[in-house]
Amino acid sequence: MSQFSQDRLESLTNSLLQPTSANGVHARTGLFEQVIDGLSAAITARRESGTEILRFPPVMSRALVEKSGYLKTFPHLLGCVSCLHGEEAAIRALVEGQAKGPDWLNGLAATDLVLTPAACYPLYPLIAARGAVPAQGLTFDVASYCFRREASHEPGRLQSFRMREYVCVGTPEEALAFRKRWIARAEELAQQLAVPYKLAAASDPFFGRVGKMMAMSQVEQELKFELLIPVNSEEQPTACMSFNYHQDHFGTIWGLRRNAREVAHTACVAFGLDRLGLALFATHGLDLKQWPASARETLSV
Ligand code: ATP
Ligand code: ZN
Ligand code: MG
């Protein structure tokens, strides 16, 4: 199979994720969504008992994102919602192009909202507001449309994409054991989907020069792993799932405590639904009937 011919990949992408006039912003076709629905159901089928389900909108509180530390570590990826404020006459002049000088963009002012950058970000403050973390810990199933102002737009690197996550809040041992279980389940899922994959220690795309050092330390401490599947090339496979141990980062910021002394640790496993969908089509082609039986069975397609 000429899996990585750029022409093939481009036509594949364009037929499944139809381009709009904005980079990395696509319309999804029925065929693509059929596979996304199958993936979502397969992820749900593997959910651990006692997991609480929450679904988030594609926007969240700017103040919460500022407090979460995202603004300092990923300022280059964050999108902020801006709107026109002020008197009717001033707004009308701006939108009708009658204002002297600046056009309507210059009349925009930041609001209290940003675009949700990852599905688990709105969760931690929500848990914190409930009070102490129970002794047995907590697990969540969350999902959101996410936005990232990506610098490049190769197939699979979207500005607007769907993320599904499982999140664990507990002791360091619980968080690490949760991540280990999910790495095993994710590998099993990749095998059932009959996609070639590899698992590798990874780092987040931290901002700037200081960010490079943070990334190195993250890899060294094995805080992040990714499950990578070839989409654009075999040499540079695409991260389709990630397995993250945050240590006490969110616990400390949000005051997540099990008792007066112990700050909770957190871990999350994230499924990039659009990337997983694309990886499946890149591997098996556009005709679902030709897909391996185990993949069709796993996805009910
Ligand atoms: P990458 O290494 O590709 O920059 P990341 O390490 O920043 O991704 P995470 O923050 O771990 O990604 O996000 C969880 C998952 O969400 C990723 O494993 C991926 O499947 C998906 N994802 C992240 N960024 C994008 C994007 N720009 N477009 C589509 N899916 C994405
Ligand atoms: Zn997460
Ligand atoms: Mg990565």
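Whatever comes next refers back to the structure up there.
Residues numbered from 1 in each chain as written. Chains lettered and ligands numbered in written order. Predicted model: local features only at pLDDT ≥ 70, side-chain atom pairs only at ≥ 80, totals over all residues. Heavy atoms only, no water.

Caption draft 1: Looking closely at the sheet that holds strand S5 (residues 80-84). Judged by pairing direction, the sheet is antiparallel, and its three strands sit side by side in the order S4-S6-S5 without closing on themselves. On the outer flanks of this sheet lie strand S4 (59-61) and S5, each paired with one strand and no other. Neighbour-to-neighbour, the strand axes of the sheet open up by a mean angle of 60 degrees, direction not taken into account. Bridge count between S5 and strand S6 (residues 108-115): four bridges; the pairing is antiparallel. In the strand pairing of S6, Cys 83 is matched with Ala 109. (Pairing = 2+ DSSP bridges. Helix = DSSP H or I, 4+ residues; strand = E, 2+ residues; numbered from the N terminus. Axes fitted to C-alpha atoms, helices over the stretch in contact; angles between N-to-C directions.)

Caption draft 2: A look at the coordination of the zinc ion (ligand 2). Those protein atoms acting as donors to the zinc ion (ligand 2) are Cys 120 (SG), Glu 165 (OE) and Cys 268 (SG), and they sit at 2.0 to 2.4 Å. In terms of primary sequence, the donors binding the zinc ion (ligand 2) are separated according to C-x44-E-x102-C. With Cys 120 in the loop between S6 and helix H6 (123-128) and Cys 268 in strand S12 (residues 265-272), this residue pair connects regions lying 148 residues apart in the sequence. The buried category is assigned to Cys 120, whose relative accessible area is 4%. (Donors = N, O, S within 2.8 Å, 3.2 Å for Na, K, Ca; no water. Buried < 20%, exposed > 50% of the residue type's maximum accessible area, 1.4 Å probe, protein only.)

Caption draft 3: Representation of unusual backbone geometry. The residue Ala 194 is not glycine, and still its phi comes out positive at about 55 degrees. For Ala 194, a relative accessible area of 29% puts it in the partly exposed group. The backbone phi angle of Ser 300 is positive, close to 50 degrees, even though this residue is not glycine. Since its relative accessible area comes to 67%, Ser 300 is described here as exposed.

Caption draft 4: Region of interest: the packing of helix H1 (residues 6-16) against helix H10 (residues 273-284). Running from amino to carboxyl end, H1 crosses H10 at an angle of 130 degrees, the nearest separation of the two axes being 11 Å. Judged by the angle between their axes, H1 and H10 are oblique. In the crossing of H1 with H10, the sense of the turn from one axis to the other is right-handed. Taking contact as the criterion, the partners of Arg 8, Leu 9, Leu 12, Thr 13 and Leu 16 in H1 are, on H10, Leu 278, Phe 281 and Ala 282. Counted by class, the contact of H1 with H10 contains six nonpolar, one polar and one charged residues. (Parallel < 35°, antiparallel > 145°, perpendicular 65-115°, else oblique. Left-handed = near helix turned anticlockwise from the far one by under 90°. Contact = heavy atoms within 4.5 Å. Nonpolar A, V, L, I, M, F, W, Y, C, P; charged D, E, K, R; others polar.)

Caption draft 5: Here's a closer look at the sheet that holds strand S3 (residues 52-55). Read from one edge to the other, the open sheet built from seven strands follows the order S3-S7-S8-S12-S11-S10-S9, with strand pairing classed as mixed. Both edges of this open sheet fall to S3 and strand S9 (198-201), since each of them pairs with a single strand only. Across the sheet, the mean angle separating the axes of adjacent strands is 20 degrees when strand polarity is ignored. Pairing of strand S10 (residues 224-229) with strand S11 (residues 238-247) involves six bridges; the strand directions are antiparallel. Each residue of the ladder has a partner; that of Phe 225, found in S11, is Phe 243.

Caption draft 6: Structural view of the environment of Leu 228. By secondary structure assignment, the location of Leu 228 is in strand S10. Sequence separation between Leu 228 and Asp 141 is 87 residues, and the spatial gap between their C-alpha atoms is 22 Å. Beyond its immediate stretch of four places on either side in the chain, Leu 228 contacts Pro 196, Tyr 197, Lys 198, Ala 200, Pro 237, Thr 238 and Ala 239.

Caption draft 7: Looking closely at a nonpolar patch on the surface. Together, Val 95, Trp 104 and Leu 105 line one region of the surface with nonpolar side chains, adding up to about 300 Å² of accessible area. With respect to the helices and strands, Trp 104 occurs in the loop between helix H5 (88-95) and S6. Given the relative accessible area of 41%, Trp 104 is considered partly exposed. (Patch = residues over 30% accessible without salt bridge, like charges linked within 9 Å, V, L, I, M, F, W, Y side chains within 5 Å. Areas by Shrake-Rupley, 256 points an atom, 1.4 Å probe, with all protein chains shown as cover. Salt bridge = Lys/Arg side-chain N within 4 Å of Asp/Glu carboxyl O.)

Caption draft 8: Spotlight on the environment of Glu 66. Tracing the sequence through the fold places Glu 66 in helix H3 (residues 62-68). According to the relative accessible area criterion, Glu 66 is partly exposed, its value standing at 37%. A C-alpha to C-alpha distance of 9.7 Å links Glu 66 and Val 114, two positions 48 residues apart in sequence.

Caption draft 9: Focus on helix H8 (residues 208-220). Taking 1.5 Å of rise per residue, the 13 residues of H8 would be expected to cover 18 Å, and the 19 Å separating its terminal C-alpha atoms lies within 8% of that figure. Positioned one or two residues after H8, Glu 222 has a phi angle of 50 degrees, which is positive. (Expected span 1.5 Å × (residues − 1).)

Caption draft 10: The arrangement of the site of ligand 1 in detail. The environment of ligand 1 is made up of 17 residues, and the closest members are Glu 150, Leu 158, Lys 224, Ser 242 and Arg 275. Within the backbone of Gly 156, a nitrogen or oxygen atom sits 3.2 Å from a nitrogen atom of ligand 1. In the environment of ligand 1, an oxygen atom lies 2.6 Å from a nitrogen or oxygen atom belonging to the side chain of Lys 224. If ligand 1 stood free it would expose 590 Å²; the protein chains cover 92% of that surface. Those elements that provide at least two residues to the shell around ligand 1 are strand S8 (160-170), S10, S11 and S12. (Near = heavy atom within 4 Å. Polar contact = N/O pair within 3.5 Å; in protein donor to acceptor, adjacent residues only side chain to side chain.)

Caption draft 11: Region of interest: helix H7 (residues 172-192). Here H7 is 21 residues long and its end C-alpha atoms lie 30 Å apart, about the 30 Å a rise of 1.5 Å per residue gives. Those residues of H7 that sit buried are Ala 175, Phe 178, Arg 179, Trp 182, Ile 183, Ala 186, Leu 189 and Ala 190. Looking down the long axis of H7, one finds its buried residues gathered within 140 degrees of arc, a one-sided arrangement. Looking at H7, the residues exposed on the side facing more than 90 degrees away from the buried face are Glu 173, Lys 180 and Gln 191. One or two positions beyond H7, positive phi appears at Ala 194, with a value near 55 degrees. (Arc of directions from axis to C-beta.)

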